[in-house]
Amino acid sequence: MQLPLQAVLSGTGSYVPKRIVRNEDFTSTIDTSDEWIRSRTGIRERRFAEQGETGTSMGLKASKIALEQAKLKPEDIDLIICATITPDWMTPSTANLIQTQLGCRHIPAFDLSAACTGFIYAVSVAKQFIATGSVKHALVLGSEVLSRVIDLTDRNTCILFGDGSGAAIFSASTEQNRGILDIDLHSDGKGNHLIRVPSPVTQFTPEDKPGFFLTMHGRDVFKFAVTKFTELLKDAIRRAAILGREIGLIVPHQVNQRIIDSVMESTGFPSDRVMINLDRYGNTSGASVPIALDEAIQSGRAKRGDLILLVGFGAGLTWGSTLLQL
Ligand SMILES: CC(C)(COP(=O)(O)OP(=O)(O)OC[C@H]1O[C@@H](n2cnc3c(N)ncnc32)[C@H](O)[C@@H]1OP(=O)(O)O)[C@@H](O)C(=O)NCCC(=O)NCCS
């Protein structure tokens, strides 16, 4: 019997806008301080897109780096999936725009909406295409311009988010102990009201506060994030043990240092084996895991042979993880 093909990571890339917005930059417009933001979230600064910069333009830059790293050409790519909640257009998809601007063939390309878990979902879809043999090289992105959906007068939300793009190429391989070993995905729409971004066709109910911007119930989301991240990590440790392996590095969704600290404390997982860049970029939703993964690889923190756990959690509610053998 022929074993299913594995989806092996063959290249990564990331791009963040040049414009740095420091905590101090908010103090002239809202009642906040660098001390409050740092101590409550761990964030020091984030990047905001320049005028004219979009999820597509950033995704294109991240994709070109990933192609270089994978030593592939645009015409080698067979599938593009872009995880985003801030597409340039409701339609066409950001993935469609990247397909043509990158110079790919007329391959399938589509966006996927699972908020901060989006990249984990997108990776799992790519894995299925690769396992069936219909795709050899899949380009999977997370690309977000959250600065355009946050209310800069709302101190509860505006300090948390940033913009950027991360890309990863997964390639078919017959090596059985490499690539995406395991996927764990969840959703619970009962928590849909906890984080929302309206669209031009949103039908507001009398209980809703109509508006254009992202709204969030921070404390409830914090509890959800700690609970689900803890469950995902405990499960992943158990699943890795079944494979006779130990997780070398966690690349979690970058949102709040206190969420990460709380999970490391309750699970006993060593905090020096967690990739963190939220201090520099804040929460970039679907882009946060691929940007952090790319930085982990480029900096040498994640190396060939390592077992990596990618973790995401966010609006939907959605949460999920992926065990990835580099
Ligand atoms: C948003 C978050 C940082 C707030 O931290 P917190 O410790 O829970 O703070 P609270 O919401 O309890 O608010 C405490 C006080 O700080 C105030 N506050 C909120 N934002 C503030 C800011 N930027 N600066 C100063 N004070 C602020 C609140 O108004 C509140 O004041 P009050 O007690 O007078 O009402 C935190 O809840 C969080 O990170 N939640 C998860 C967010 C998340 O994960 N989102 C995306 C999911 S993918």
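Residues numbered from 1 in each chain as written. Predicted model: local features only at pLDDT ≥ 70, side-chain atom pairs only at ≥ 80, totals over all residues. Heavy atoms only, no water.

**Overview of the pattern of salt bridges**
Heads up, the condition is: Any carboxyl oxygen of Asp or Glu that lies within 4 Å of a side-chain nitrogen of Lys or Arg is treated as forming a salt bridge with it. The helix count covers DSSP runs of H or I at least four residues long, the strand count covers runs of E at least two residues long, and both are numbered beginning at the N terminus. Working definition: with a 1.4 Å probe on protein chains only, accessible area under 20% of the residue-type maximum means buried, over 50% means exposed, and in between means partly exposed.
Throughout the structure, instances matching the rule amount to 14 salt bridges. Where Arg 273 meets Glu 246, a salt bridge forms, and the shortest distance between an N and an O atom there is 3.0 Å. With a gap of 27 residues between them, Arg 273 in the loop between helix H6 (257–267) and helix H7 (278–281) and Glu 246 in the loop between helix H5 (218–242) and strand E11 (249–252) connect regions that are remote in the sequence. Judged by relative accessible area, which is 55%, Glu 246 ranks as exposed. With a closest N to O distance of 2.7 Å, Arg 280 and Glu 295 form a salt bridge. Within this pair, whereas Arg 280 is found in helix H7, its partner Glu 295 is found in helix H8 (residues 288–298), the two being separated by 15 residues in sequence.

**Description of the sheet that holds strand E1 (residues 6–15)**
Definition in use: Should DSSP find at least two bridges between two strands, the strands are taken to pair. Throughout, an axis means a line fitted to C-alpha atoms (over the contacting stretch in the case of helices), and angles, computed between N-to-C directions, take values from 0 to 180 degrees. Note on definitions: a residue-residue contact is assigned when non-hydrogen atoms from the two residues lie within 4.5 Å.
Strand order across the open sheet formed by five strands is E1-E7-E6-E4-E5, with mixed pairing between neighbours. Here the strands that pair on one side only, and so sit at the sheet edges, are E1 and strand E5 (109–112). Across the sheet, the mean angle from the axis of one strand to that of its neighbour is 20 degrees, orientation sign disregarded. As judged from the five bridges shared by strand E4 (residues 79–83) and strand E6 (residues 137–145), these two strands associate in the parallel manner. Looking across to E6, one finds that Ala 83 is bridged to Gly 142. The strands touched by helix H2 (residues 55–70) within the sheet are E1, E6 and strand E7 (163–173), with E1 carrying the most contacts at an inclination of about 125 degrees. H8 contacts E1, E6 and E7 of the sheet and is inclined by roughly 95 degrees relative to E1.

Nothing here speaks to function; it is all geometry.
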